[in-house]
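Chains, contacts and geometry: an overview
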Amino acid sequence: MRPSRAGRGEARFAFYLLLPAAFVVFGVVVYPVVRTLVTSVLDVDGPLDDSTPFVGVSNYVEALGDPGFWRAVWQTSYFSVTSIFFEVVFGVGIALLLNAPLRARWLFRAIVIVPWALPTIVSGAMWRYIFSGQYGALNAVLTQLGLMDEYRSWLGSDPFLALNMVMAADVWKNTSLVAFLLLAGLQNIPSDLYEAARIDGAGPIRSFFSITVPMLVPSIVIVLVLRTIDTVRIFDIVYIVTGGGPASGTQTVAFYTYVRAFSDQRLGYGSALSYLVTAVVLVLSVVYLRTLRKRGALL
């Protein structure tokens, strides 16, 4: 059956409405992705480089053999796994507290969302001040409590310590987001399950591990997807708090890509690094989403 004249007119009208959005998507998403892919197989030494010979997969091969890149991969992996672990643990505790029948529950929820609502540049500058080795609030508190005899440089001497300090700042900022995602999962758990468990003689701890944790798994997997993507490409908090130092000890993969592409003026090599990071994020996302589908939490 041929479509009616009215149907063809509606389809044409819908096409004209979507055309501006299609141009925006092409300009903002498709073109940069394709352009970066083309740049990754060229030897581009700067934005004004007139000579851009084709080098094929040489940039990718060089990246896979780059010790600096693998060091950034290890630091990013440690950062991601550790920060997500603490965010989920703290997030579950905060979500349980926010889900409790408290009088001023709305006030607690408003307070909890503040760290996530703050711009990253604000929270990063705040934590850089707190961790300062000369006038930082952390040193002042620890020395006044008698836990330390003198001020310590938290960000400027030990690379691994500095990495953990940046991770603490990231956990503080994003735990509230995780808590609200898990709170949504908690509110979808039927209260009848807890009533039945109570009748069977199960206490709070047993109910938590037998009911709450299994029912929260879909929400936790969603948190893992979102936070893994965020932590793998994390750049802003590192740039603000430590600038990648000391001794490149806090450089994540995204920060290392920025340094090689813009500071070292190797745009082709940086593009190859960015595509390797994208490939890792896609693989992890597919694994998480397949896990959701197997559990029936995703259509």
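This report concerns the structure included in the present document. (Residues numbered from 1 in each chain as written. Predicted model: local features only at pLDDT ≥ 70, side-chain atom pairs only at ≥ 80, totals over all residues. Heavy atoms only, no water.)

Observations concerning the overall build of the protein
As a reminder of what qualifies: Note on conventions: DSSP H or I runs of at least 4 residues are helices, E runs of at least 2 residues are strands, and numbering of each starts at the N terminus. Remark: exposure states derive from per-residue accessible area (1.4 Å probe, protein chains only) relative to the maximum for the residue type, with buried under 20%, exposed over 50%, and partly exposed in between. By definition in these notes, contact holds between two residues if any of their heavy atoms fall within 4.5 Å. Accessible surface is estimated by sampling points in the Shrake-Rupley manner with a 1.4 Å probe; for residues, cover comes only from the protein chains shown. Think of it this way: Lys and Arg go in the positive column, Asp and Glu in the negative one, and His and the chain ends go nowhere. Charge placement uses NZ in Lys and CZ in Arg. For Asp and Glu, CG and CD serve respectively.
Within the protein one finds 13 helices and zero strands. If you list the helices and strands of the protein from N to C, you get α-α-α-α-α-α-α-α-α-α-α-α-α. Taking all 299 residues of the protein together, 37% fall into the buried category. Intrachain contacts of the protein at a sequence separation of at least 6 include 66% that bridge at least 24 residues. Counting every atom, the protein has about 17,800 Å² of accessible surface; 68% of that belongs to carbon and sulfur. Here the protein contributes 22 positive and 18 negative side-chain charges, whose respective centroids are spaced 14 Å apart.

Here's the deal with the pattern of salt bridges
Here is the rule: Any Lys or Arg side-chain nitrogen located within 4 Å of an Asp or Glu carboxyl oxygen qualifies as a salt bridge.
Counting across every chain of the model gives eight salt bridges. The partner of Glu62 in a salt bridge is Arg266, and the shortest N-O contact between them spans 2.8 Å. Of this pair, Glu62 sits in helix α2 (residues 58–64) while Arg266 is found in the loop between α12 (253–263) and α13 (267–294), placing the two residues 204 residues apart along the sequence. Among the residues examined, Arg266 registers a relative accessible area of 21% and is labelled partly exposed. With a closest N to O distance of 3.0 Å, Arg227 and Asp170 form a salt bridge. Of this pair, Arg227 sits in helix α10 (residues 204–232) while Asp170 sits in helix α8 (residues 159–186), placing them 57 residues apart in sequence. With respect to class, Arg227 is no different from Asp170; both count as buried. Within this structure, Glu87, Asp170, Arg227, Asp230 and Arg233 form a network of salt bridges that share partners.

Details of the packing of aromatic side chains
Note the threshold: Pairing of aromatic side chains requires ring centres within 6.5 Å, counting the rings of Phe and Tyr and the six-membered ring of Trp. Pairs whose planes differ by under 30 degrees are stacked, by over 60 edge-to-face, and all others tilted.
If you walk through the whole model with that rule in mind, you get 17 aromatic pairs. Centroid distance Trp74 to Tyr78: 5.7 Å. Interplanar angle 5°. Geometry classified as stacked. One end of the pair, Trp74, and the other, Tyr78, are both in helix α3 (residues 67–99), four residues apart, so they sit about a helical turn from each other. Ring centres of Phe235 and Tyr239 lie 5.5 Å apart, and the angle between their planes is 20°; on these two criteria the pair is classed as stacked.

Considering the environment of Val112
Summarising the element assignment, Val112 is placed in helix α4 (residues 105–112). Considering only alpha carbons, one finds Val112 and Ala72, 40 residues apart in sequence, at a separation of 32 Å. Ignoring sequence-local partners within four residues, the contact set of Val112 consists of Ile94, Leu98, Ser176 and Phe180.

What about the nonpolar core?
What counts, and what does not: By nonpolar core is meant a set of buried Ala, Val, Leu, Ile, Met, Phe, Trp, Tyr and Cys residues that side-chain atoms within 4.5 Å join together.
By size, the foremost hydrophobic cluster in this structure holds 21 residues, and its most contacted members are Phe79, Phe131, Trp154, Met165, Val166 and Ile237. Elements represented by at least two residues in this core include exactly α6 (120–130), α8, α11 (236–241) and α12. The dominant element in this core, judged by the number of residues it contributes, is α8, at seven residues. Ignoring any residue separated from it by four or fewer positions in sequence, one finds Trp154 in contact with Phe131, Leu138, Asn139, Leu142, Met148, Leu161, Ala162 and Met165. In this structure, Leu98, Leu182, Ala202 and Ile211 belong to the second largest nonpolar core, which totals 16 residues.

Some thoughts on the environment of Ile113
For Ile113, the position within the fold is in the loop between α4 and α5 (114–117). Dropping the residues within four chain positions of it, Ile113 is found in contact with Ser176 and Phe180.

Section: α8
Short version of the rule: Here the expected span of a helix is defined as 1.5 Å times the quantity of residues minus one. The bend reported for a residue corresponds to the angle between axes fitted to the seven residues ending at that residue and the seven starting there. A 3.5 Å cut-off defines polar contacts: any pair of N or O atoms within that distance qualifies, except that in protein one atom must be a possible hydrogen donor and the other a possible acceptor, and neighbouring residues in sequence count only when both atoms are side-chain atoms.
The end-to-end C-alpha separation of α8 is 39 Å, in line with the 40 Å expected for 28 residues at 1.5 Å each. Maximal helix bending in α8 amounts to about 40°, located at Asn174. In terms of burial, α8 is a largely internal element, 20 of the 28 residues being buried. The distance from a side-chain oxygen at the start of α8 to the backbone nitrogen of Phe160 is 3.1 Å, and the residue carrying that oxygen is Asp158.

Considering the side chain of Gln251
Assignment of secondary structure puts Gln251 in the loop between α11 and α12. With residues near it in sequence (within four places) discarded, Gln251 still touches Ala72, Gln75, Gly244, Tyr256 and Val259.

Thoughts on the packing of helix α9 (residues 191–199) against α10
We count it as follows: The axes used here are C-alpha line fits, helices contributing only the stretch in contact, and every angle between their N-to-C directions lies in the interval 0 to 180 degrees. Each angle receives one of four descriptions, namely roughly parallel if under 35 degrees, roughly antiparallel if over 145, roughly perpendicular if within 65 to 115, and oblique otherwise. Each crossing is labelled by how the near helix is turned from the far one, with a counterclockwise turn of less than a right angle marking it left-handed and a clockwise turn marking it right-handed.
With their axes 10 Å apart at the nearest point, α9 and α10 run at an angle of 160° to one another. Relative to α10, the element α9 lies roughly antiparallel. As for the relative orientation of α9 and α10, their crossing is right-handed in sense. Between α9 and α10, the residues in contact are Leu193, Tyr194 and Ala197 and Ser207, Ile211, Thr212 and Met215, respectively.

Overview of the side chain of Asn139
Here Asn139 lies in helix α7 (residues 137–144). The class for Asn139 is buried, based on a relative accessible area of 0%. Among the polar contacts made by the side chain of Asn139, one reaches the main-chain carbonyl oxygen of Arg152 at a distance of 2.8 Å.

That is the geometry; function is a separate question.
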